[in-house]
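Close look at the chain arrangement
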Amino acid sequence: MKAPKFPQQVISLAIIFAILLGGLIAARILLVPKSFGKYGHYRADAADEVASLDIKYAGYKACLECHDDIYVIKEKSNHRGLSCEVCHGAAAKHIEAPDEFVPDAPRGRGYCPLCHGYNPSRPTGFPQIITLQHNPGKPCMTCHNPHNPLLPHSPEECSACHREIASQKRVSHHSSLPCEKCHTVPARHTTDPRSALPKKPTTREFCGGCHDKNAASPKEIPRIELASHGGRYLCWECHYPHHPEAK
Ligand code: HEC
Ligand code: HEC
Ligand code: HEC
Ligand code: HEC
Ligand code: HEC
Ligand code: HEC
Ligand code: HEC
Ligand code: HEC
């Protein structure tokens, strides 16, 4: 009996396959670290290596012992959410030897704008400045205490914090309406914004107060049939209230 004869290309493929398989087995034996897979799909020794690294950050509570004055002020300020080491850098060494390793303080004008420089992607109302125009040439600390950044006087204009909305409204059909026409604003909102949020309109009837065809508002205001216009949807699902358009 003769052995069955395979075509040449099948034999070539079989050889390539055998080499690849051999390579994989060799790599598995030679290259995969010993502790791999002991606990899971990772190198078990890595856990010990990471645990043995030096601790660099002390945590803000560690600062209380020696800098209680600053700690207490900051806890009550608008910077209460920032840890000391966000601005001063890792300070674990400083705790061990306070005089030998003194943390840096970011005194340059470039630093604070990392968070406060104007950037339209930041949340509504986050305090922002246009760095080049905001009191140029002077360090921020001449007017703001970094541990208690009160505003020298509280901004009266809504636009100080809601710049984008204010500039849209200014060029819109609603430019003549003050913000307070549609929002009831508690006095505390301009000094501690998040603790006292203004009210927003909630019903179609609110807009209807000026735009319904029977409303007792000035004649030049465009009118709609409140009962049917836009179906049962809220007006601002179709018209942006700060820049309404009817096209
Ligand atoms: C054991 C006491 C102690 C603790 C805890 C401590 N500090 Fe200090 N810190 C000092 C002393 C003392 C100095 C003054 C060192 C000097 O000027 O030689 C100082 C100075 C500083 C300075 C001044 C730098 C400058 O430019 O003037 C900063 C910033 C600072 N500490 C931040 C921290 C932070 C952040 C923490 C918490 C992570 C902390 N410290 C925890 C004792 C402490
Ligand atoms: C928003 C950033 C920021 C945070 C958060 C911050 N600091 Fe500072 N800190 C500064 C700046 C900027 C200075 C320099 C102030 C100056 O030169 O007028 C400074 C100065 C200091 C000094 C030097 C002494 C002084 O009063 O000028 C100490 C000490 C200090 N900070 C400790 C702390 C501790 C402790 C915390 C946390 C409780 C903390 N800082 C949180 C920015 C910050
Ligand atoms: C890591 C980000 C971060 C850095 C860096 C930072 N801030 Fe702030 N800052 C905040 C946050 C968060 C608030 C609170 C915002 C809020 O209440 O909506 C705030 C609030 C403020 C306010 C407004 C206070 C008010 O009453 O409305 C001022 C002014 C201010 N920071 C100044 C500074 C100065 C000066 C520096 C530099 C020393 C600085 N910030 C660095 C995050 C930062
Ligand atoms: C000459 C004093 C002075 C200097 C210097 C200064 N500011 Fe101000 N800053 C003010 C005053 C006053 C306000 C109150 C609002 C206004 O009038 O614009 C303010 C407001 C702010 C606000 C709140 C803005 C808002 O619309 O909510 C932030 C954030 C701020 N400053 C950050 C900084 C930063 C960061 C620096 C440094 C790059 C700096 N300031 C330098 C005086 C100053
Ligand atoms: C000092 C800064 C500041 C000033 C001044 C300010 N706001 Fe705000 N406003 C905020 C912040 C911060 C929020 C919260 C934004 C968030 O949670 O996303 C907010 C939220 C709002 C909201 C939304 C409330 C909600 O439930 O979503 C309205 C409406 C509003 N402000 C209207 C006004 C009007 C009108 C004025 C002027 C009379 C004004 N604000 C002045 C900072 C300010
Ligand atoms: C014609 C009425 C009207 C006027 C005028 C108006 N708003 Fe509004 N505003 C609304 C309505 C309605 C909403 C709710 C929109 C929503 O829920 O989608 C709203 C929502 C907001 C919000 C929440 C965030 C957002 O963008 O939806 C802020 C902040 C705000 N307004 C600030 C202001 C400020 C500041 C002014 C003045 C410059 C102003 N509004 C003027 C009707 C108005
Ligand atoms: C489903 C989307 C939708 C809703 C919801 C909606 N509108 Fe409209 N609105 C439009 C469209 C599209 C136009 C332009 C075409 C037209 O006149 O019908 C318009 C036009 C208008 C006009 C201009 C009319 C004129 O004659 O110039 C006013 C004013 C208006 N709407 C107010 C409102 C008010 C107030 C509400 C809430 C009671 C509302 N809209 C709800 C889609 C909507
Ligand atoms: C206090 C009265 C008043 C209220 C409340 C009011 N508007 Fe208006 N609205 C006006 C005036 C004034 C105009 C501009 C008329 C003009 O252009 O001459 C206008 C114009 C409009 C237009 C037409 C824009 C265009 O392209 O012609 C729309 C759409 C609109 N408003 C939607 C709304 C919505 C949605 C609300 C509720 C969130 C609302 N309005 C609340 C007074 C009001």
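Please refer to the structure placed before this passage.
Structure report, in brief. (Residues numbered from 1 in each chain as written. Chains lettered and ligands numbered in written order. Predicted model: local features only at pLDDT ≥ 70, side-chain atom pairs only at ≥ 80, totals over all residues. Heavy atoms only, no water.)

Topic: the coordination of the iron atom of ligand 4
Put simply, the test is: Metal sites are built from N, O and S donor atoms within 2.8 Å, or 3.2 Å for Na, K and Ca, and they leave out water, so they may look incomplete. Under this scheme a four-donor centre is tetrahedral when all angles range from 85 to 135 degrees, a four-donor centre is square planar and a six-donor centre octahedral when opposite donors are above 155 degrees with the rest from 65 to 115, and any other centre is irregular. Numbered from the N terminus, helices here are DSSP runs of H or I no shorter than four residues, and strands are runs of E no shorter than two. Exposure classes here rest on a 1.4 Å probe applied to the protein chains alone. A residue is buried below 20% of its type maximum, exposed above 50%, and partly exposed in between.
Protein coordination at the iron atom of ligand 4: the donors are His134 (NE2) and His144 (NE2), at 2.0 Å from the metal. Because the angles between the six donor atoms bound to the iron atom of ligand 4 fall within 85 to 179°, the donor set is best described as octahedral. Residue His134 is found in the loop between α6 (113–116) and α7 (163–170), and its partner His144 is found in the loop between α6 and α7; the two are separated by ten residues along the sequence. A relative accessible area of 30% means that His134 is categorised as partly exposed. Overall, the relative accessible area of 22% leaves His144 in the partly exposed class.

Looking at the site of ligand 3
Here is the rule: The rule for a residue being near a molecule or strand is that one of its heavy atoms must lie within 4 Å of it. Any pair of N or O atoms that falls within 3.5 Å is considered a polar contact. Within protein, one atom must be able to donate a hydrogen and the other to accept it, and sequence-neighbouring residues count only if both atoms are side-chain atoms. Residues are sorted three ways: Asp, Glu, Lys and Arg are charged, Ala, Val, Leu, Ile, Met, Phe, Trp, Tyr, Cys and Pro are nonpolar, and all the rest, Gly among them, are polar. What fixes the domain bounds is an automatic or database domain assignment.
Close to ligand 3 lie 17 residues, the nearest being His79, Cys112, Cys115, His116 and Pro149. Interatomic distance of 2.8 Å between a side-chain N/O atom of His79 and a nitrogen atom of ligand 3. A per-class count over the shell around ligand 3 returns twelve nonpolar, four polar and one charged. Two domains each provide a minimum of three residues to the shell around ligand 3, namely domain 1 (56–106) and domain 2 (108–135 + 159–171).

With respect to the coordination of the iron atom of ligand 1
Those donors, His67 (NE2) and His94 (NE2), are the protein atoms that reach the iron atom of ligand 1, and they lie 1.9 to 2.0 Å from it. Viewed at the metal, the six donor atoms of the iron atom of ligand 1 are separated by angles of 87 to 178°, and the geometry they form is octahedral. Here the residue His67 occupies a position in the loop between α2 (44–51) and α3 (68–75), and His94 occupies one in helix α5 (residues 92–96), the gap between them amounting to 27 residues.

Focus: the pattern of salt bridges
Applied cut-off: The working definition used for a salt bridge is a side-chain nitrogen of Lys or Arg within 4 Å of a carboxyl oxygen of Asp or Glu.
Here the structure, examined in full by the defined rule, presents two salt bridges. Between Glu49 and Arg43 there is a salt bridge, with the nearest N and O atoms lying 3.3 Å from each other. Classification of Glu49 as partly exposed rests on a relative accessible area of 45%. Since its relative accessible area comes to 29%, Arg43 is described here as partly exposed. Put simply, Glu225 and Lys213 hold a salt bridge, and the shortest N to O gap is 3.1 Å.

Considering the packing of aromatic side chains
Worth spelling out the cut-off: Classification of ring pairs rests on two measures: the distance between centres of Phe, Tyr or Trp rings, Trp counted by its six-membered ring, which must be within 6.5 Å, and the angle between planes, read as stacked under 30 degrees, edge-to-face over 60 and tilted in between. We count a charge as sitting over a ring when the NZ of a lysine or the CZ of an arginine lies within 6 Å of the ring centre and within 35 degrees of the ring normal.
A full pass over the atoms with the stated rule returns one aromatic pair. With a centroid separation of 6.0 Å and 15° between ring planes, the pair formed by Tyr60 and Tyr71 is classed as stacked. Of this pair, Tyr60 sits in the loop between α2 and α3 while Tyr71 is found in helix α3, placing the two residues eleven residues apart along the sequence. Overall, the relative accessible area of 30% leaves Tyr60 in the partly exposed class. Given the relative accessible area of 15%, Tyr71 is considered buried. It is Arg163 that lies over the ring of Tyr118; its NZ or CZ is 5.5 Å from the centre. Here the basic side chain of Arg232 rests over the ring of Tyr233, its NZ or CZ set 5.2 Å away from the ring centre.

Some thoughts on unusual backbone geometry
Residues other than glycine seldom take positive phi values, yet Asn135 does so here, at roughly 45°. Relative to the elements of secondary structure, Asn135 occurs in the loop between α6 and α7. Relative accessible area serves as the criterion here: at 41%, Asn135 is assigned to the partly exposed category.

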